[in-house]
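Chain residues, written in single-letter form:
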Amino acid sequence: MAAGYLEILRTRHAARLLVGTLTGRLPNATAAIAVVLFVRAEGGSYSLAGALTAVYGLATAAGQPLLGRAVDLYGQPRVMLPASLASALGMAGLAFVGIEPVAVAYAAMLVAGFCTPPLEGGLRALWPSVLTREEQVHTAYAMDAIAQEVMFTVGPLLVTLGIALWSPATALLAINALGVLGALSVVLSEPSRAWRSAPREAHWLGALRSKGLLALLGSFFFVGLALGAIIVASSAYADDHGRDAIYGWLMAANGLGALLGGLVYGARQWSGTPEKRLKSLVALLAVGYLPLMLVPGVVAMAALAMLSGVFLAPCIACAFIVVDRHAPRGTVTEAFSWLVTAFGVGTALGTAVAGPAVELGGTAASFAVAGAGGAAALLVLLATQRVLAADGRTQSVVGVAENDPTRAVEPGFS
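Analysis parameters
- Residues numbered from 1 in each chain as written.
- Predicted model: local features only at pLDDT ≥ 70, side-chain atom pairs only at ≥ 80, totals over all residues.
- Heavy atoms only, no water.
- Helix = DSSP H or I, 4+ residues; strand = E, 2+ residues; numbered from the N terminus.
- Expected span 1.5 Å × (residues − 1).
- Buried < 20%, exposed > 50% of the residue type's maximum accessible area, 1.4 Å probe, protein only.
- Contact = heavy atoms within 4.5 Å.
- Phe/Tyr/Trp six-rings, centres within 6.5 Å; stacked < 30°, edge-to-face > 60°.
- Lys NZ or Arg CZ within 6 Å of the ring centre and 35° of its normal.
- Polar contact = N/O pair within 3.5 Å; in protein donor to acceptor, adjacent residues only side chain to side chain.
- Core = buried A, V, L, I, M, F, W, Y, C linked by side-chain atoms within 4.5 Å.
- Axes fitted to C-alpha atoms, helices over the stretch in contact; angles between N-to-C directions.
- Parallel < 35°, antiparallel > 145°, perpendicular 65-115°, else oblique.
- Left-handed = near helix turned anticlockwise from the far one by under 90°.
- pLDDT = per-residue confidence, 0-100.
- Patch = residues over 30% accessible without salt bridge, like charges linked within 9 Å, V, L, I, M, F, W, Y side chains within 5 Å.
- Areas by Shrake-Rupley, 256 points an atom, 1.4 Å probe, with all protein chains shown as cover.
- Salt bridge = Lys/Arg side-chain N within 4 Å of Asp/Glu carboxyl O.

The next subject is helix α9 (residues 168–187). The first and last C-alpha atoms of α9 sit 29 Å apart over 20 residues, in line with the 28 Å expected at 1.5 Å per residue. Considered for burial, the residues of α9 that qualify are Pro168, Ala169, Ala171, Leu172, Ile175, Asn176, Gly179, Val180, Gly182, Ala183, Val186 and Val187. At its buried positions, α9 is contacted by α2 (14–24), α3 (26–41), α5 (77–97), α7 (119–130), α8 (134–165) and α10 (190–194).

When we look at a pair of aromatic rings, we describe it by the centre distance and by the angle of the planes. One pass over the structure, following the stated rule, counts five aromatic pairs. Here Tyr265 and Trp270 contribute two aromatic rings whose centre-to-centre distance is 5.3 Å and whose plane-to-plane angle is 20 degrees, an arrangement assigned as stacked. With relative accessibility at 6%, the residue Tyr265 sits in the buried group. Judged by its relative accessible area of 38%, Trp270 falls in the partly exposed class. Relative to Phe336, the ring of Phe320 has its centre 6.4 Å away and its plane inclined at 90 degrees; by these criteria the two rings are edge-to-face. Here Phe320, found in helix α15 (residues 312–326), pairs with Phe336, found in helix α16 (residues 332–361); they are 16 residues apart in sequence, far enough to count as distant. Both residues of the pair, Phe320 and Phe336, belong to the buried class. Through successive ring pairs, a cluster of aromatic residues spans Tyr141, Phe320 and Phe336. For the cation-ring pair, Arg268 lies above Trp270, with the distance from its terminal atom to the ring centre recorded as 3.9 Å.

Take Leu52: it is sitting in helix α4 (residues 46–74). Residue Leu52 is classed as buried on the basis of its relative accessible area, which comes to 0%. C-alpha of Leu52 to C-alpha of Ala34: the two residues are 18 residues apart in sequence and 11 Å apart in space. Excluding residues within four positions of it along the chain, Leu52 makes contact with Val35, Val39, Ala105, Tyr106 and Met109.

A separate point is the side chain of Gln76. Its location among the elements puts Gln76 in the loop between α4 and α5. With a relative accessible area of 1%, Gln76 lands in the buried category. Only 2.8 Å separates the side chain of Gln76 from the side chain of Ser192, close enough to count as a polar contact. Residues contacting Gln76, with those up to four places away along its chain left out, are Val71, Leu81, Gly122, Leu126, Val186, Val187, Ser192 and Trp195.

Attention now goes to the environment of Tyr46. Topologically, Tyr46 is positioned in helix α4. C-alpha of Tyr46 to C-alpha of Ala357: the two residues are 311 residues apart in sequence and 20 Å apart in space.

Turning next to the nonpolar core. Trp127 and Phe220 are the most contacted members of the largest nonpolar core, which totals 112 residues. Broken down by element, the residue count for this core peaks at 14 residues, all from helix α11 (residues 211–240). Setting aside residues no more than four positions away along its own chain, Trp127 makes contact with Ala14, Leu18, Val137, Ala140, Tyr141 and Met143.

Glancing now at the packing of α11 against helix α13 (residues 274–289). Their axes nearest at 12 Å, the elements α11 and α13 cross at an angle of 20 degrees. Comparing the axis directions of α11 and α13 gives the class roughly parallel. The two elements α11 and α13 meet at a crossing, and its hand is left-handed. For the pair α11 and α13, contact is made by Leu216, Phe220, Val223, Ala226 and Ile230 and by Leu278, Leu285 and Tyr289, respectively.

Let's shift gears to unusual backbone geometry. A cis amide bond links Glu100 with the next residue in sequence, Pro101, at an omega value of 0 degrees. In this structure, Pro101 sits in the loop between α5 and α6 (102–114). Unlike most non-glycine residues, Val295 shows phi in positive territory, near 35 degrees.

A word on the confidence of the model for the protein chain. Looking at the protein chain as a whole, its pLDDT mean stands at 87, while 93% of the residues score no less than 70. Below pLDDT 50 for its whole length, residues 393–414 participates in 48 contacts with residues either more than four positions away or in separate chains.

Taken together, the side chains of Val150, Val154, Leu158, Leu161, Leu165 and Trp166 make up a nonpolar region of the molecular surface, amounting to roughly 570 Å² of accessible area. As for its position among the elements, Val154 is in helix α8. For Val154, a relative accessible area of 38% translates into the label partly exposed.

Here you go:
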């Protein structure tokens, strides 16, 4: 199982790009917990902490596709590094100024979120120029999804460690300094400096003119909604059982399931089109959410949480392939960034909807929101399967930069 991953990591530049991207994304992965803990340490309310975090999340969702489009137009180093520095300065402004005046705190979150560099989409755009075979690129997408699960587990631990060793403000500064170093490692690499997007048709919609991409974004909005609901529902379940630690165990079990699922998915080659495979994976993901509504005892619930996560990383990895097949020529980074945005906005809405669901119908009702989100994600794919089948590009991934003049023009985007 590990042979394919090791082969990729031994490929020149691959390990550097993966590690640099994950390090560069640490500020984004830890922003919620770092900001909440900082605001509370400054004497601010949970309401203020939540509002600042929401501003950061919404600004990130708005900034990712716009910065992704800028990367496609101007290259990675000219966009990624300035964005990373600006985002870090925004967080530094919060750390130094604090929560008073509150307008400055909100402005700092707006800058930090909006300027978050689109490293996630950028890495996926680089893989075809670093790896030589199409199946390697597909495995790299799975490895990327797995690494995300590790990052979102390790990141909060680094924040709490930094707070224990120093202070919330210092931890905030240290995490963002690491983020800048990670981005710097990526943009100084040869693949990032050499990469250029393919020539693109001038169109104000950019990547969003692809109907297939729109269908995928609609589906993954609901996948994000389901995940956001699970976050809130798991917290409510922990409250029901009187132990805060249960929440951590449920989230860890869910992450472990995603990790195992991603490892298995990326370790083998799959036949058939990725659009059909994605439909099957999302169906399995949706089915995995339904048993959570049973809210059994803690041990059984942890097992169900792990089961519900098994198909998440495979869905994300397969979605990367579908995005690459449907993104109009010259918009690949923007298209990947739109997927990040759709997923993030869905997650935010899921947390917002699951809260009232707990109050109105209890913990089971909040898990029902997750089940509904999974079902809606599948329904979107079923309703748009003709669009996805018609728009998908059949060309194999080749190991050259996207704008290489010898590369064949994709059907439908010439």
